[in-house]
Amino acid sequence: MRGGFGRLLHALLCLALAGLVGFLSTRFGFRYDWSAAQSASLAPQSVQLLQRLDAPVEVISYAGESGNLRAAIAAFVARYRVHKADIALQFVDPASDPAAMRALGVRVDGEIELRYRGRNERLQRLNEQEFSNALLRLSRTQEHVVAFLSGDGERKPDGAADADLAQFTALLLNQGVRCVPLVLGSGARIPDNTDLLVIADPRTAVAAPVAAEIVDWVERGGAVLWLAEPGENTGLASLADTLSVRVLPGTLVDGAGASIGLGDPSFVALSRYPDHPITRGLETTTLFPQAVALAQLTQPRWQVQPLLRSGAQSWNETGAIPKAGESAATIRFDPDTDEMRGPLDLGFALSRLSPRPDRREQRAVVVGDGDFLSNRFLGNGGNRELGQRVFNWLLADDALIEIPDRGAPDRLIQLSQTRLALIGLGLLVVLPLILGAIGIVTAWRRRRRR
């Protein structure tokens, strides 16, 4: 009897202990990352950033209900919520209202929108470095002033026409960048509080005093983004010399576009990029309609790095470009003209020691196309992301979080061809022979027992 009572008491105590552990688990949490290099938890840089955020963060994921994408996103955000409880996650099904999604610029299933203190930023790739850097940019309170040159037919920063830039500047405004038009002339100067000057392909010749002021702005250490177009850079030859670049004649065409469904050869699609902080990690295709090729001057005054480069089937076509609906069969490379075979550069990133005492480095970017940021083409592929990267770099806003590679050290196995051959021989020949021999021996022993 005593033994039975003791066993019953022991069982009751075990149940009470299990209930107590379960109750305490709802009140207190314990986490420990046993993975190699703690790859299943956040890096210390991300944790420090979350500790500095003093307002709630809202995460909106435009992911469909089918598949496991929502579960993967929720698990990823949960790693951040461990260190910051006021991170709210909301899912929106893009299929529920496709028109609204197009109006919002949602192009990728699973696209993420981060909101913090009235600002927002979009992510099309989900990893710790992209997510943490977006939070870092949103947390910065300094407002940047970007002046868009106006008065000579340039693209309007607040214009709603297809060629204007209102959609992109609205995106910049949400990230703390104020875009203002700037009309130069009659001795006007670029204000000293300007962080970046944007020249978006003037359609008429820029007056000599205006061009001189732009050159003087660059010589004083100002940052500049020059968006060029074929045949529309009149009056800016002095700026090209100052930046150590040359605009090649004609329009850049690429025969490789037909393989991805581009019927217009003057539309250049890029999916590979030279290594530069702006393009590093950029994996989406960008589209450049009717771009112009660029060349670097010898003995440049800047450190000039290629940013965008066309393929081997491209050249700068100096003849007439067929209009929409016309056959492109008449376009041919003509070696007897100023045409040059690709690869050709259509984007340069320039840097040098800044002449301003409050800046360490002066930066400039020249792109042979302005359409890729326009209202009409901004939503194509990675155009939006590339534009954000260009502005972040020009505004010296690239002091971002570097997340080290914390993957398992043995996740990759390096084998020589000899070892691979031995493994294949063992799996395809030796192992089947061993299994066959075991079967024969087993059958023989069973027959002897009978």
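Refer to the structure printed above.
Bear in mind the structure is a predicted one, so any value in this text is a computation, not a measurement.

Colleague: Which parts of the structure should I look at to understand the packing of helix α2 (residues 44–52) against helix α5 (residues 128–139)?
Modeller: Two numbers describe a pair of packed helices, the interaxial angle and the distance between the axes. The N-to-C vectors of α2 and α5 enclose an angle of 30 degrees; their axes lie 10 Å apart at closest approach. When the axis of α2 is compared with that of α5, the two are roughly parallel. For the crossing formed where α2 meets α5, the hand is left-handed. Judged by residue contacts, S46, L49, L50 and R52 of α2 engage E128, S132, L135, L136 and S139 from α5. Per-class residue counts for the contact of α2 with α5 are 4 nonpolar, 3 polar and 2 charged.

Colleague: How should I be thinking about the pattern of salt bridges in this particular structure?
Modeller: Opposite charge on two side chains allows them to pair when their charged atoms are near. Taken as a whole and assessed by the stated rule, the structure comprises 23 salt bridges. A salt bridge links R125 to E130; its shortest N-O distance comes to 2.7 Å. By relative accessible area, which is 19% here, E130 ends up buried. In this structure, R155 and D201 form a salt bridge, with 2.7 Å as the shortest nitrogen-oxygen distance. Here the residue R155 occupies a position in the loop between β5 (144–150) and α6 (166–173), and D201 occupies one in the loop between β7 (196–200) and α7 (208–219), the gap between them amounting to 46 residues. Residue classification places D201 among the buried residues on the basis of a relative accessible area of 0%.

Colleague: Looking at this model, I keep getting lost on the pairing of strand β6 (residues 177–183). Mind explaining?
Modeller: Regular strands have side chains that alternate between both faces of the sheet. Two elements, β5 and β6, share 7 bridges in a ladder whose sense is parallel. When the bridges of β6 are listed, F148 appears paired with P181. Chirality of the crossover, the property in question, places the unit of β5, α6 and β6 among those that are right-handed.

Rules used in this analysis
Residues numbered from 1 in each chain as written. Predicted model: local features only at pLDDT ≥ 70, side-chain atom pairs only at ≥ 80, totals over all residues. Heavy atoms only, no water. Axes fitted to C-alpha atoms, helices over the stretch in contact; angles between N-to-C directions. Helix = DSSP H or I, 4+ residues; strand = E, 2+ residues; numbered from the N terminus. Parallel < 35°, antiparallel > 145°, perpendicular 65-115°, else oblique. Left-handed = near helix turned anticlockwise from the far one by under 90°. Contact = heavy atoms within 4.5 Å. Nonpolar A, V, L, I, M, F, W, Y, C, P; charged D, E, K, R; others polar. Salt bridge = Lys/Arg side-chain N within 4 Å of Asp/Glu carboxyl O. Buried < 20%, exposed > 50% of the residue type's maximum accessible area, 1.4 Å probe, protein only. Pairing = 2+ DSSP bridges. Right-handed = clockwise from strand over helix to strand, strands pointing away.

Any functional reading would require information that these geometric values do not contain.
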